[in-house]
Amino acid sequence: MVVSTIKGKKNDKHKARRDQRREEAKKIAEQQAIVNAANAIANPLALLAPMFRKYDRNSLQVEFECDFAKNWTSEIQEWGFGITKRNMKDLYGKEWKDKEKQEEMLEDTAQYLIAKQEGSPVAFCHFRFDMDYDLAVLYCYEIQLEESVQRKGLGRFMMQLLELMAFQTQMRKVILTVFHDNKAAMSFYKSKLSYSLDETSPSAVDVEWEVNYEILSKPIKSKQSSIAA
Ligand SMILES: CC(C)(COP(=O)(O)OP(=O)(O)OC[C@H]1O[C@@H](n2cnc3c(N)ncnc32)[C@H](O)[C@@H]1OP(=O)(O)O)[C@@H](O)C(=O)NCCC(=O)NCCS
């Protein structure tokens, strides 16, 4: 009698754990399907209203285009690498490696949102639809503006375009990495755009873990909850 009760309790525990694992696997599969669907979209910028294809403020007249990195011309790819190196090499210090960065920037799922002024590129975001642990996210790998177009609201507008694309494709958050020493970018993300420390950021996980960067993120409302609200 007693033995069978203990066995019954053990079986219940096993069942509960199995159900939980199944539920988690189902959730991950659903999120992965959302990422795959987003990556199958040829031009995610086309999901947004036409008013979001240009920026005409603060003496800037800029038009946006979006495509996978590998589909851009070699001139644009080289420009993207060049501006990234100019803006970021000092912040990376010894960790900067030309070849590694070039490879990262041209990986299959890398997409570039490019801002062009009179046909010439002046700014870009490298982003990807990807899984971050068990969530579908839009990962912003890079935002780089030529010095001549900085501090005119363009960076903020481009991040907002990423957030809108994340919303349209049902991503759960926009996430990015920023160096501690990049004070301008920290202020840009935290004060201007309301990004906050992601739960996976080194200092959120373990205060003893000394690294030179943080992971910031912003949750994206689901389409369903926006309709209900
Ligand atoms: C960081 C960056 C993307 C911001 O884009 P931007 O178009 O210049 O910024 P916006 O005009 O939209 O927003 C400006 C806000 O960002 C912050 N900011 C941007 N540049 C700054 C600087 N040099 N010093 C201090 N704060 C700065 C401020 O909060 C500023 O608000 P304010 O102008 O009211 O003071 C852009 O300056 C850039 O490309 N920098 C070099 C590359 C880089 O660091 N990329 C980020 C890597 S994580």
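Not measured: the values here are computed from a predicted model. Residue numbers here run from 1 along each chain, matching the order of that chain's written sequence. Owing to the predicted nature of the model, reporting of local features is limited to residues with pLDDT of at least 70; listing and counting of side-chain atom pairs is limited to 80 or more, with chain, interface and lining totals taken over all residues. Computation of side-chain values covers all heavy atoms of the structure but excludes hydrogens and water.

> What is the right way to read the overall build of the protein from this model?
Looking only at helices and strands, the protein has seven helices and eight strands in total. Partly exposed residues are those whose accessible area sits between 20% and 50% of the maximum for their type, while under 20% is buried and over 50% is exposed, using a 1.4 Å probe and protein chains only. Counting all 229 residues of the protein, 40% fall into the buried class. When contacts within the protein are restricted to residue pairs at least 6 apart in sequence, long-range pairs at least 24 apart make up 63% of them. Method for areas: the Shrake-Rupley scheme with a 1.4 Å probe, in which residue coverage is limited to the protein chains shown. Accessible area for the protein stands at about 13800 Å²; split by element, carbon and sulfur atoms hold 51% of it. We score Asp and Glu as negative and Lys and Arg as positive, and we do not count His or the chain ends. Charged groups are reduced to one reference atom each: NZ for lysine, CZ for arginine, CG for aspartic acid, CD for glutamic acid. For the protein, the centre of its 35 positive side-chain charges and the centre of its 34 negative side-chain charges are spaced 8 Å apart. Comment: elements are numbered from the N terminus, with helices defined as DSSP H or I runs of at least four residues and strands as E runs of at least two. Contacts are assigned to residue pairs that have any heavy atoms within 4.5 Å of one another.

> Looking at this structure, how should I read unusual backbone geometry?
Negative phi is the rule for most residues except glycine; trans is the rule for most peptide bonds. Phi is positive for Tyr133, close to 55°, though the residue is something other than glycine. Of note, Tyr133 is situated in the loop between β4 (120-132) and β5 (135-145). On the basis of relative accessibility, which here comes to 64%, the residue Tyr133 falls in the exposed class. At Gln170, a residue that is not glycine, the phi angle is positive and equals roughly 70°. Tracing the backbone through its elements, the reader meets Gln170 in the loop between α4 (154-168) and β6 (173-179).

> Got a minute to help me understand helix α5 (residues 183-192) in this structure?
Each turn of an α-helix holds 3.6 residues, which means side chains three or four residues apart point in the same direction. Along α5, the residues classified as buried are Ala185, Met186, Phe188 and Tyr189. One side of α5 carries all its buried residues, which in axial view fall inside an arc of 160°. For α5, the exposed residues lying more than 90 degrees away from the buried face are Lys183, Ala184, Ser191 and Lys192. Among the structural elements, β5, α4, β6 and β8 (213-219) are those in contact with the buried residues of α5. Downstream of α5 by a residue or two, Ser194 has a phi angle that is positive, lying close to 60°. By arc we mean the arc of the directions from the helix axis to the C-beta atoms, nothing more.

> Mind showing me how you'd approach the nonpolar core here?
Where a protein is soluble and globular, its nonpolar side chains tend to be buried together. What makes a nonpolar core is a set of buried Ala, Val, Leu, Ile, Met, Phe, Trp, Tyr and Cys residues whose side-chain atoms join them at distances within 4.5 Å. Ranked by internal contacts, the top residues of the largest apolar core, which has 43 residues, are Phe64, Leu113, Leu154, Met159 and Tyr189. Looking at this core, the elements with two or more residues in it are α1 (2-39), β2 (60-68), β3 (111-117), β4, β5, α4, β6 and α5. At eight residues, α4 tops the list of elements feeding residues into this core. In this structure Leu154 touches Tyr55, Leu60, Val62, Phe64, Ala115, Ala123, Leu145 and Val149, once residues within four positions along its chain are discounted.

> Looking at this structure, I do not really get the sheet that holds β5. What am I missing?
Backbone-to-backbone hydrogen bonds pair the strands of a sheet. The strands run either parallel or antiparallel. By this definition, two strands are paired if DSSP reports at least two bridges between them. Pairing in this open sheet of eight strands is mixed, and the strands run β1-β2-β3-β4-β5-β6-β8-β7 from one edge to the other. The two strands at the open ends of the sheet, each matched to only one other strand, are β1 (54-57) and β7 (196-197). Relative to β5, β4 runs antiparallel, the two being bridged by 10 bridges. Counted as the bridge partner of Phe129 is Leu138 from β5. Angular values range over 0 to 180 degrees, each being the angle between N-to-C directions of two axes fitted as lines to C-alpha atoms, with helices fitted over their stretch in contact. The strands that helix α2 (residues 74-92) touches are β3, β4, β5 and β6; relative to β4, the one it contacts most, it runs at about 80°. Against the sheet, helix α3 (residues 98-105) engages β3, β4 and β5, with an angle of about 75° to β4.

> For this particular structure, what's the right way to read a positive patch on the surface?
Among the surface-exposed residues, Lys10, Lys13, Arg17, Arg18, Arg21 and Arg22 lie close enough to one another that they form a single positively charged patch. In this structure, Arg18 sits in helix α1. A relative accessible area of 38% means that Arg18 is categorised as partly exposed. The residues that make up patches have over 30% relative accessible area and no salt bridge, and they are joined within 9 Å when like-charged or within 5 Å when they are Val, Leu, Ile, Met, Phe, Trp or Tyr. Think of a salt bridge as a Lys or Arg side-chain nitrogen and an Asp or Glu carboxyl oxygen that are within 4 Å of each other.

> Please clarify how the state of the cysteines should be interpreted in this entry.
In a disulfide, the sulfur atoms of two cysteines are covalently bonded to one another. The disulfide criterion used throughout: a pair of cysteine sulfur atoms within 2.5 Å. Scanning the model with the defined rule gives zero disulfides in all. You can see Cys125 has no disulfide; the closest cysteine sulfur is in Cys140, sitting 4.9 Å from it. On the basis of relative accessibility, which here comes to 0%, the residue Cys125 falls in the buried class.

> Could you clarify how one ought to interpret the environment of Gln170 in this entry?
Classification of Gln170 by relative accessible area gives partly exposed; the value is 40%. With 56 residues separating them along the chain, Gln170 and Ile114 place their C-alpha atoms 22 Å apart.

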